[in-house]
Amino acid sequence: MDTTYLKADQSQSADTIADAIAVLNEFYSKLTLSKPDQEELWQKRGLPLQASQFAGFKTNGLANRESLDQLSERYSQAARLESGLWVPGPGGVAKPNSQFYGYGLVTRKGGQDGSEVWGWKDEGKCNPLIIPYWDAQGRLLHLRPHKGGIAGKPPHLYVARGEGICDTPCATAVVTEGEIKAQALRAVLNLVESHRFGVAALPGIAMAKNRGCLEELFTWLKGVTPARVVIVYDSEEKGDPRLPGFKANPRKRHDAQIYARYLANVLNHEGHDAFVGVLPREWRDPKTGKADADSRLAARIKDLIPTLAA
């Protein structure tokens, strides 16, 4: 396994890196996906249980704290910190990272000053998930709290893979934003058996300028050898003051397309046949003015199965 993906501090020893991966695997093995989270992934994201299980999504709640406490007795502080499941605490002593036992982002625009608002899942303030990142051989190499992040750890490219499943060549590679959207696209696009799709996601559209994410994208594309690459980001109306995504500055209303075109140009420069795809305006939710892969999939399923809309 290429452990440099996990490694944040290049001074860490190989043993510490190996132990950090062991910590991740042991913690992950204790996690489950609750019925409520299964239902939300189906109702709001359009992912049936089989797709959520393939992705390996897990529930992120207070019960995870016990598993973290048990692991603290068996692994060194250096390994636990390197895993990201622990963070430096008072006096330099590692403490469990609360983002892995139910503390998550409620909204990025909820404060009076537009600041982020955080809360606890068990108090009904948020509903975070734990998202595994698998390598090209289907081995666990990273865990990320949904809508969160790990201080001191670099962002990574997410590839819509499954545990124990190796990468295979694809005809078309799709690059989007966000892990759940990537899995929604994978589930739908690969219903077409005659055309193989690979799907990856950047953690945000601006990560098209992050060198680490780009290098991981180049490596993935080299492995799956697609004939073409399509960049597809969210489609959102940002010029209507009645909608939540409104941007008063007209220059800020087209960032998704700007970054998509920037990434396509970078990939074309690297020798790929890359272009930008745009989700239809008709797919936008009238309440949010936004269209993305997973919410559109959920809406389409409800059109086909009216009982789900109740």
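For the structure itself, consult the block above.
Residues numbered from 1 in each chain as written. Predicted model: local features only at pLDDT ≥ 70, side-chain atom pairs only at ≥ 80, totals over all residues. Heavy atoms only, no water.

When helices and strands are tallied, the protein chain shows nine helices and 14 strands. In terms of overall dimensions, the protein chain is globule-like: its C-alpha atoms have a radius of gyration of 20 Å, near the 19 Å expected for 310 residues. Dimensions along the principal axes, computed over C-alpha positions, put the protein chain at roughly 55 × 45 × 40 Å. Within the protein chain, the proportion of its 310 residues that are buried is 47%. The long-range share in the protein chain, meaning contacts at least 24 apart out of those at least 6 apart in sequence, stands at 67%. Working note: accessible area of the protein chain is about 15800 Å², and carbon and sulfur atoms make up 52% of it. Separation of charge centres in the protein chain, based on 40 positive and 36 negative side chains, amounts to 5 Å. (Helix = DSSP H or I, 4+ residues; strand = E, 2+ residues; numbered from the N terminus. Rg over C-alpha atoms; globule rule 2.2 N^0.38 Å. Buried < 20%, exposed > 50% of the residue type's maximum accessible area, 1.4 Å probe, protein only. Contact = heavy atoms within 4.5 Å. Areas by Shrake-Rupley, 256 points an atom, 1.4 Å probe, with all protein chains shown as cover. Lys, Arg positive; Asp, Glu negative; His and termini not counted. Charge placed at Lys NZ, Arg CZ, Asp CG, Glu CD.)

This next bit is on unusual backbone geometry. The phi angle at Lys-147 is positive, at roughly 65 degrees, despite the residue not being glycine. By the element assignment, Lys-147 lies in the loop between strand S7 (140-145) and strand S8 (158-159). A positive phi angle, near 45 degrees, is found at Thr-225, a position not held by glycine.

Another point: the packing of helix H7 (residues 211-224) against helix H8 (residues 255-269). Viewed as axis vectors pointing N to C, H7 and H8 meet at an angle of 55 degrees, and their least axial separation amounts to 12 Å. For the element pair H7 / H8, the angle class is oblique. The way H7 lies across H8 gives a crossing that is right-handed. Between H7, through Leu-214, Leu-217, Phe-218 and Leu-221, and H8, the contact on the second element is made entirely by Leu-263, Val-266 and Leu-267. Across the contact of H7 with H8, the residue classes break down as seven nonpolar, no polar and no charged. (Axes fitted to C-alpha atoms, helices over the stretch in contact; angles between N-to-C directions. Parallel < 35°, antiparallel > 145°, perpendicular 65-115°, else oblique. Left-handed = near helix turned anticlockwise from the far one by under 90°. Nonpolar A, V, L, I, M, F, W, Y, C, P; charged D, E, K, R; others polar.)

What follows covers the pattern of salt bridges. Across all of its chains, the model carries 16 salt bridges by this definition. Here Arg-161 makes a salt bridge to Asp-167, at a shortest N to O gap of 2.7 Å. According to the relative accessible area criterion, Asp-167 is partly exposed, its value standing at 28%. In this structure, Arg-284 and Glu-237 form a salt bridge, with 3.7 Å as the shortest nitrogen-oxygen distance. A residue pair is termed long-range when its members are at least 10 positions apart, and Arg-284 in the loop between strand S13 (274-277) and strand S14 (290-291) and Glu-237 in the loop between strand S12 (235-236) and H8 qualify at 47 residues. A relative accessible area of 23% places Glu-237 in the partly exposed class. One salt-bridge network, held together by shared partners, links Lys-181, Asp-234, Lys-290 and Asp-292. (Salt bridge = Lys/Arg side-chain N within 4 Å of Asp/Glu carboxyl O.)

Another point: the packing of aromatic side chains. Applying the stated rule across the entire model yields six aromatic pairs. On the basis of an interplanar angle of 85 degrees and a centroid distance of 5.6 Å, the ring pair of Tyr-28 and Trp-134 is categorised as edge-to-face. Residue Tyr-28 is found in helix H1 (residues 14-29), and its partner Trp-134 is found in strand S6 (residues 129-134); the two are separated by 106 residues along the sequence. When its relative accessible area of 9% is taken as the criterion, Tyr-28 is described as buried. Relative to Tyr-158, the ring of Tyr-133 lies with its centre 4.9 Å away and its plane at 75 degrees, an arrangement referred to as edge-to-face. Of this pair, Tyr-133 sits in strand S6 while Tyr-158 sits in strand S8, and the two are 25 residues apart along the sequence. The pair Tyr-133 / Tyr-158 is uniform in exposure class, with both members buried. (Phe/Tyr/Trp six-rings, centres within 6.5 Å; stacked < 30°, edge-to-face > 60°.)

Spatially, the three strands line up as an open sheet ordered S1-S6-S7, and their pairing is antiparallel. Looking at strand neighbours, the two that pair on one side only are strand S1 (58-59) and S7, the edges of this open sheet. This element, H1, spans S1, S6 and S7 of the sheet and lies at about 65 degrees to S7. (Pairing = 2+ DSSP bridges.)

Moving on, we come to the nonpolar core. Leu-41, Leu-47, Phe-57 and Tyr-158 are the most contacted members of the largest nonpolar core, which totals 27 residues. Sorting the residues of this core by element identifies helix H3 (49-55), S6, helix H6 (179-189), strand S10 (197-202), strand S11 (228-232) and helix H9 (293-304) as the ones contributing at least two each. Of all the elements, H6 adds the most residues to this core, at four residues. Apart from residues no more than four positions distant in its own chain, Phe-57 is found in contact with Leu-33, Leu-41, Leu-47, Ser-52, Ile-130, Ile-131, Pro-132, Tyr-158, Ile-180 and Gln-183. Counting 26 residues, the second-largest nonpolar core is a separate cluster that includes Ala-208, Leu-214, Val-224 and Val-266. (Core = buried A, V, L, I, M, F, W, Y, C linked by side-chain atoms within 4.5 Å.)

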